[in-house]
Structures are given as structure tokens and as C-alpha cells.
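Each chain, written out:
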Amino acid sequence: MSARARGAGWLVLAALACGARAQDPDVPYVPTPPAVVDEMLRMAKVGPGDFVIDLGSGDGRIVIAAAKRHGARGFGVDIDAGLVDTARREARRQGVAARVAFHHRNLFITEIREATVLTLYLFPGVLAQLRPRLLAELQPGTRVVSHEFDLGEWRPDERASVKVPDKPYGEPKSEVFLWVVPANAAGRWRWRYEAGGGRSVLTEVTLGQRFQMLEGTALAGGRPARLESAWLRGSEIRLRVAGEAGGAEFAGRISGDTIAGTARLDGGGEVVWNAARAAGGSAP
């Protein structure tokens, strides 16, 4: 995996804002340090069931490491045909050619829907162009990992610094960012649950969403209630609602316009939770 134009310095950044220039094979190639590769795969929790796609794969080291050390499958793409050939030879040498592939291809026209993990080492201007595709095309729960640069307003779920003593530019460290693609949780959700003592509570929560961040309002038993917390990671959601009838923490998984999970009651006990989206909302 590579970042383009490291050796040419930051003056090249403006030129790289356009997608075509971002993949100019004349721009110097700088490989991702091994320690950073390790941290990217660790943060993404790559395992045998994963399919890793690396956009700008360079010599293929990330996809190869994912296959050899973690049993994953996947492919990488790069605009430099020579680097693609190098990656293919290295995959054969390390015995993972049956699990990985490398393509001489423009990353902007690469199909990414198959990814469960997507890895990146690209400049901010390129990432800004890719971000709408990541949210629209990747399935909720897909992990996106970037070396050095973030995705702007889409705040990472995790971030780590890795020591790189021999880094050829800047400080002797690299940043690694992780995002989990969020499901669309926006809208008005409604459910009924048994709160104990023979009480059945109709609850309604209206959520606004910006990336994985949620906020909203709640009703319980037809009266205003407090939405004390709202958390989303991939398709997993947790909500805490407190009202006159008591409080409960709801945890479940979003599937389209339904949520299925469990509710833990403040008074003790756990009950089944099933919610339906009564009115839609939009999320970036």
C-alpha cells in the first residue's frame, strides 16, 4: 500500500486533489512500514472470514499479510503496472497467490462492495472523493482503515499512533484510523415491551444521524421521556430510555427497517426487544 508524492513534498498535495493525478505513476512510491501494516490489520480485527480490498496497493504487502497471517482473502489495485507485477510475484513467493489477486486498475472505478475490510493510504483530496462511495456501497459493519490521513467530518471510531523510527518524512510516527461503516438508523422507531408488573410500555424514539453519531428524542407510554444515550457501530445499536414507567437499555441489530435484540430493565430482568421504523430518515 502506498501514498503518492511523499518524496515530492506537500506542494504536490494540491495537484493530487484530482482523481486522475492522484494515481500518476510518475509520483514516487513509498511503502507502508511493517509496524503500520500490523496495526492496521489489528485494528480491523482481520480474520479468516474477511475479504480485504486495498486501494493503492503498491507491492501488495497489506493484502499479502492479511492472507498469510490472518487467513483472509482479498485483492489490491494500483495504477502502476510494475508494482502490480511485484505484488503478484510476492504473493506467489509467500504462498498466498490462491487467496489474493492484484489488478492494474484505477481505484475510482474499482468495485468495492465485496470488502469486509477496506485499506487506504491516500491523500485527503482523494479520500474526500471516495467517502460518499464508502458510505453508499460498503455494507454496515465493514471496517475502513487508513494510514496517515482521515476522512474529514466522518470521525474515526478508533485512532492509534505507531512509532516509525526510519520514516522518510515528517515525525517518526504514523497515524492509523479505523471507521466502521454505520447502518442507517435515522427516523422514528416504535416498539412495545413488557416492563414488569403486567405493564406494557409503548416507546417511540426519533433519531437524527450524522455518520455514526446519533441524537434524538423519546416518548414512553405517550409521555415525554429521556433519551439518555444513543450509540451506533455498524448495524449494532444501543439506546437508553428513561421515563415515568422506569428506564431500560435497549441493544440490538438493525436490519433494514427493523431492530431485533434485548432490553435490560432498571428493575432487573431482560426482555425481547423488537422495533420497527415508523418513519424514515436520512443519514450521510
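Note: the structure precedes this text.
Residues numbered from 1 in each chain as written. Predicted model: local features only at pLDDT ≥ 70, side-chain atom pairs only at ≥ 80, totals over all residues. Heavy atoms only, no water.

Colleague: Quick question: what am I supposed to make of helix α4 (residues 81-93) here?
Modeller: A turn of α-helix holds 3.6 residues, and therefore any two residues three or four places apart point the same way. With 13 residues, α4 extends 18 Å between its outermost C-alpha atoms, agreeing within 8% with the 18 Å of an ideal straight helix rising 1.5 Å per residue. Restricting attention to buried positions, one finds in α4 the residues Leu83, Val84, Ala87 and Ala91. The arc that holds every buried residue of α4, seen down its axis, measures 105°, which confines them to one face. When the buried face of α4 is taken as reference, the exposed residues oriented beyond 90 degrees from it are Arg92 and Arg93. Backbone nitrogen of Gly82 and a side-chain oxygen of the N-cap are separated by 2.9 Å at the start of α4; the cap is Asp80. (Helix = DSSP H or I, 4+ residues; strand = E, 2+ residues; numbered from the N terminus. Expected span 1.5 Å × (residues − 1). Buried < 20%, exposed > 50% of the residue type's maximum accessible area, 1.4 Å probe, protein only. Arc of directions from axis to C-beta. Polar contact = N/O pair within 3.5 Å; in protein donor to acceptor, adjacent residues only side chain to side chain.)

Colleague: Help me understand unusual backbone geometry in this model?
Modeller: With glycine set apart, most residues show a phi of negative sign, and most peptide bonds adopt trans. Positive phi values are uncommon outside glycine, yet Lys45 reaches one of about 50°. Within the secondary structure, Lys45 is located in the loop between α2 (34-43) and β3 (51-55). When its relative accessible area of 62% is taken as the criterion, Lys45 is described as exposed. Despite not being glycine, Phe211 shows a phi value in the positive range, around 55°. Its location among the elements puts Phe211 in the loop between β11 (199-210) and β12 (213-220).

Colleague: Would you take a moment to explain the sheet that holds strand β6 (residues 117-120) for this structure?
Modeller: Strand pairing in a sheet relies on backbone hydrogen bonds, with the paired strands running either antiparallel or parallel. The strand order across the open sheet built from 7 strands is β5-β4-β3-β6-β7-β9-β8, with neighbouring strands paired in mixed fashion. Both edges of this open sheet fall to β5 (100-104) and β8 (158-163), since each of them pairs with a single strand only. Pairwise comparison of adjacent strand axes, ignoring direction, gives a mean angle of 15° for this sheet. Looking at chain direction, β3 and β6 are connected through 4 bridges and run parallel. Its bridge partner lying in β6, Leu55 is registered against Leu120. Of the strands in this sheet, β4 (73-78) and β5 touch α4, which is tilted by about 165° from β5. (Pairing = 2+ DSSP bridges. Axes fitted to C-alpha atoms, helices over the stretch in contact; angles between N-to-C directions. Contact = heavy atoms within 4.5 Å.)

Colleague: What exactly am I supposed to notice about the sheet that holds β11 here?
Modeller: Within the closed barrel, the 8 strands sit side by side as β10-β11-β12-β13-β14-β15-β16-β17. Their pairing is antiparallel. Neighbour to neighbour, the strand axes of the sheet diverge by 25° on average, direction disregarded. Bridge count for β11 against β12 is 8 bridges, and the pairing is antiparallel. Its bridge partner being in β12, Thr206 is matched across the sheet by Thr217.

Colleague: I keep staring at α2 and nothing clicks. Help me out?
Modeller: Those residues of α2 that sit buried are Val36, Val37, Glu39, Met40, Leu41 and Met43. Phi turns positive one or two residues past the end of α2, at Lys45, with a value near 50°.

Colleague: Help me understand the pattern of salt bridges in this model?
Modeller: Two side chains that carry opposite charge are able to pair once their charged atoms sit near each other. Counted under the stated rule, the structure contains 22 salt bridges. Between Arg133 and Glu137 there is a salt bridge, with its nearest N and O atoms 3.0 Å apart. On the criterion of helical spacing, the pair formed by Arg133 and Glu137 is a turn pair, its members being 4 residues apart in helix α5 (residues 124-137). We classify Glu137 as buried; its relative accessible area is 14%. (Salt bridge = Lys/Arg side-chain N within 4 Å of Asp/Glu carboxyl O.)

Colleague: Help me understand the pairing of strand β9 (residues 173-180) in this model?
Modeller: Two faces, one strand: in a regular strand the side chains alternate between the faces of the sheet. Counted residue by residue, β9 has 7 buried out of 8 residues, so it is predominantly covered. Where strand β7 (residues 143-147) and β9 come together, 5 bridges link them in antiparallel fashion. Paired with Arg143 across the strands is Val180, a residue of β9. Of the strand pairs in this sheet, β8 and β9 are connected by 6 bridges, and their pairing is antiparallel. By the bridge assignment, Ser161 is partnered in β9 with Glu175.

Colleague: I tried to follow the layout of surface pockets on my own but got confused; where do I start?
Modeller: With a probe scaled to a water molecule rolled over the atoms, the places where space remains empty come into view. Empty space within the largest pocket amounts to approximately 220 Å³. Surrounding the largest pocket, Pro34, Val37, Asp59, Arg61, Ile64, Ala65, Lys68, Arg69, Thr86, Glu90 and Gln94 form its lining. Breaking the lining of the largest pocket down by element, the ones donating at least two residues are α2, α3 (61-70) and α4. Ranked by residues supplied to the lining of the largest pocket, first place goes to α3 with 5 residues. (1 Å grid on protein atoms, 1.4 Å probe; cavity = no way out; pocket = protein on both sides within 12 Å on 5 of 7 lines; lining within 4 Å. Points joined across faces, edges and corners; volume = space filled by probe spheres on them.)

Colleague: I would appreciate a short explanation of the packing of α2 against α3 in the present structure.
Modeller: Each pair of packed helices can be summarised by the angle the axes make with each other and by the distance between the axes. With their axes 10 Å apart at the nearest point, α2 and α3 run at an angle of 60° to one another. Considering the angle they form, α2 stands oblique to α3. When you trace α2 past α3, the crossing you get is right-handed. In this structure, α2 uses Pro34, Val37, Asp38, Met40 and Leu41 to contact α3, whose residues at the interface are Arg61, Ile62, Ala65, Ala66, Arg69 and His70. (Parallel < 35°, antiparallel > 145°, perpendicular 65-115°, else oblique. Left-handed = near helix turned anticlockwise from the far one by under 90°.)

So far we have only geometry, and geometry alone does not tell us how the molecule works.
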